[in-house]
Amino acid sequence: MPAPLDPAGIAASRREHGEAVMLPAAAYTSPEVFAWELRHVFAGAWTCLGRADELAGGPTTHRALTVGDVAVLLTVDGGTVRAFANVCRHRGHELLPVGGASDRRAVVCPYHGWAYRLDGDLRTAPGMPTRPDDHGLVELPAVTWHGWVFVDALGQAPPFDAYVGALDDLVAPYPAAELALGGRHSYEVAANWKLLVENYHECYHCPLIHPELCQVSPPASGENWRLPGAWVGGAMDLREHAETMSLDGRTGGRLLPDADRRTVRYLGLYPNLLISAHPDYVMTHRLEPVSPAVTRVECSWYFPGTDIDPSYAVDFWDVTNREDWAACESVQRGVSSPHFRPGPLAPDEDAVYQWITLIAGVYLDPAAALRDACRPGGVTGVAGDTAGEERS
């Protein structure tokens, strides 16, 4: 089922780089498109729900979340996180309200008391003449990758290994699963979620709005990758004096042993996890779309130990984030104008081009677009083009 958008507008975003333009205005403003995205983008892909040590930590054994527009129940048993449809197999009552959590060793439906083990098997069905053993919970694909939990709420995305593709090798030198949470900020940005991702994937704007960033990283530096997987990203250099991204360029922590010392990797895993891998810490932005024009952002910083004062990284990126959010909110107001017309992309906005063409392909056929992204060459943009190079 294609998105409710003008096919001509989508086609204009899928032309070759240099001829392609932004997505049509309705992609950023339409409630109908937003509802379609909840089902086909967020529920229909491997969406990041957060960190395994937080979702599976403490006494909680199961919790209810929404992935796109699909209610999901996460269970935790012996550190293993599994996902199920948040639907009782008796009469369809939700097992927990969204946002709810429980520390019980069984999932008990509050309607008629049907109870399920944490592996989804039906344990008891009060009042039934026999227990219908074939009525366990509907399990959904779930994986834990480098410490983050992902769920495919429709069960239709490509296998996860193919989905992340070459991204796994780029993240591996930064041992995210072993790092400790040092800081977290939550933002509510008055802009469409895709505009935040587009902004993340280019530094064309940096000289005008990020003076702090430009002091430690040349805005025209680096290159972007084009490799298999449903992701977009590249690396930028650090200036000669800089050890990391901070207000003075110095690290207040410890360098990661296998990390690249002279670059920062900016990696966006479709649809909602942005991973910024630094020589001494990893920062993530996890996006939760609230409405066509509002996005909730959970920004987290992870360090090699709990003895590190995170402020050197948190303060730098909080300033930078707020500069970005103001720009994205201005773009949201612009695309909402009756006078907006999709504009062209600059040559060095090739990562934005990859992102926009991935989204445009998903609008036409989600399964085909994700399948194509997992082929050699990765996200290429041009319809039918599966060629690509490692760097672009």
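Up top is the structure.
Residues numbered from 1 in each chain as written. Predicted model: local features only at pLDDT ≥ 70, side-chain atom pairs only at ≥ 80, totals over all residues. Heavy atoms only, no water.

**As for the sheet that holds strand S14 (residues 231–237)**
Inference 1: Here seven strands make up an open sheet; going across it, the order is S12-S18-S17-S16-S15-S14-S13 and the pairing antiparallel. Looking at strand neighbours, the two that pair on one side only are strand S12 (180–189) and strand S13 (223–225), the edges of this open sheet. The mean inter-strand angle of the sheet, taken between neighbouring strand axes irrespective of direction, is 15°.
Inference 2: Pairing analysis gives nine bridges linking S12 to strand S18 (residues 294–303), with the strands arranged antiparallel. For tyrosine 187, the partnering residue across the bridge sits in S18 and is valine 297. (Pairing = 2+ DSSP bridges. Helix = DSSP H or I, 4+ residues; strand = E, 2+ residues; numbered from the N terminus. Axes fitted to C-alpha atoms, helices over the stretch in contact; angles between N-to-C directions.)

**Here we look at the pairing of S18**
Inference 1: Taking burial as the measure, the ten residues of S18 include eight buried ones, the bulk of the element.
Inference 2: Relative to S18, strand S17 (residues 282–291) runs antiparallel, the two sharing nine bridges. Within S18, the position partnered with leucine 287 by the bridge is valine 297.
Inference 3: Linking two consecutive strands that pair antiparallel, namely S17 and S18, is a turn of two residues. (Buried < 20%, exposed > 50% of the residue type's maximum accessible area, 1.4 Å probe, protein only.)

**Structural notes on the nonpolar core**
Proteins that are soluble and globular tend to have nonpolar side chains buried together.
Inference 1: Counting 97 residues, the largest nonpolar core has Trp145, Met245, Tyr270, Trp301 and Tyr363 as the members making the most contacts within it.
Inference 2: When residues of this core are assigned to their parent elements, the largest contribution, ten residues, is made by helix H11 (residues 350–364).
Inference 3: What tyrosine 270 contacts, discounting residues up to four positions off in sequence, is Val41, Ala45, Trp46, Tyr163, Ala230, Trp231, Trp355, Leu358, Ile359, Val362 and Leu370.
Inference 4: Counting residues in each nonpolar core, the second largest holds 15 residues, with Ala43, Leu49, Ala52 and Val72 among its members. (Core = buried A, V, L, I, M, F, W, Y, C linked by side-chain atoms within 4.5 Å. Contact = heavy atoms within 4.5 Å.)

**Things to note about the state of the cysteines**
Inference 1: If you walk through the whole model with that rule in mind, you get one disulfide.
Inference 2: Here cysteine 203 engages in a disulfide with cysteine 206; their sulfurs sit 1.9 Å apart. With the S-S bond torsion at -105°, the cross-link from cysteine 203 to cysteine 206 turns out left-handed.
Inference 3: By relative accessible area, cysteine 203 is classed as buried at 12%.
Inference 4: Accessibility expressed as a relative area gives 2% for cysteine 206, which makes it buried.
Inference 5: Summary of cysteine pairing: cysteine 48 is not part of a disulfide, and the nearest cysteine sulfur, belonging to cysteine 299, is at 13 Å.
Inference 6: The thiol of cysteine 374 is not disulfide-bonded; the next cysteine sulfur, from cysteine 48, is found 17 Å away. (Disulfide = S-S within 2.5 Å.)

Spatial relationships are all this shows, so hold off on functional conclusions.
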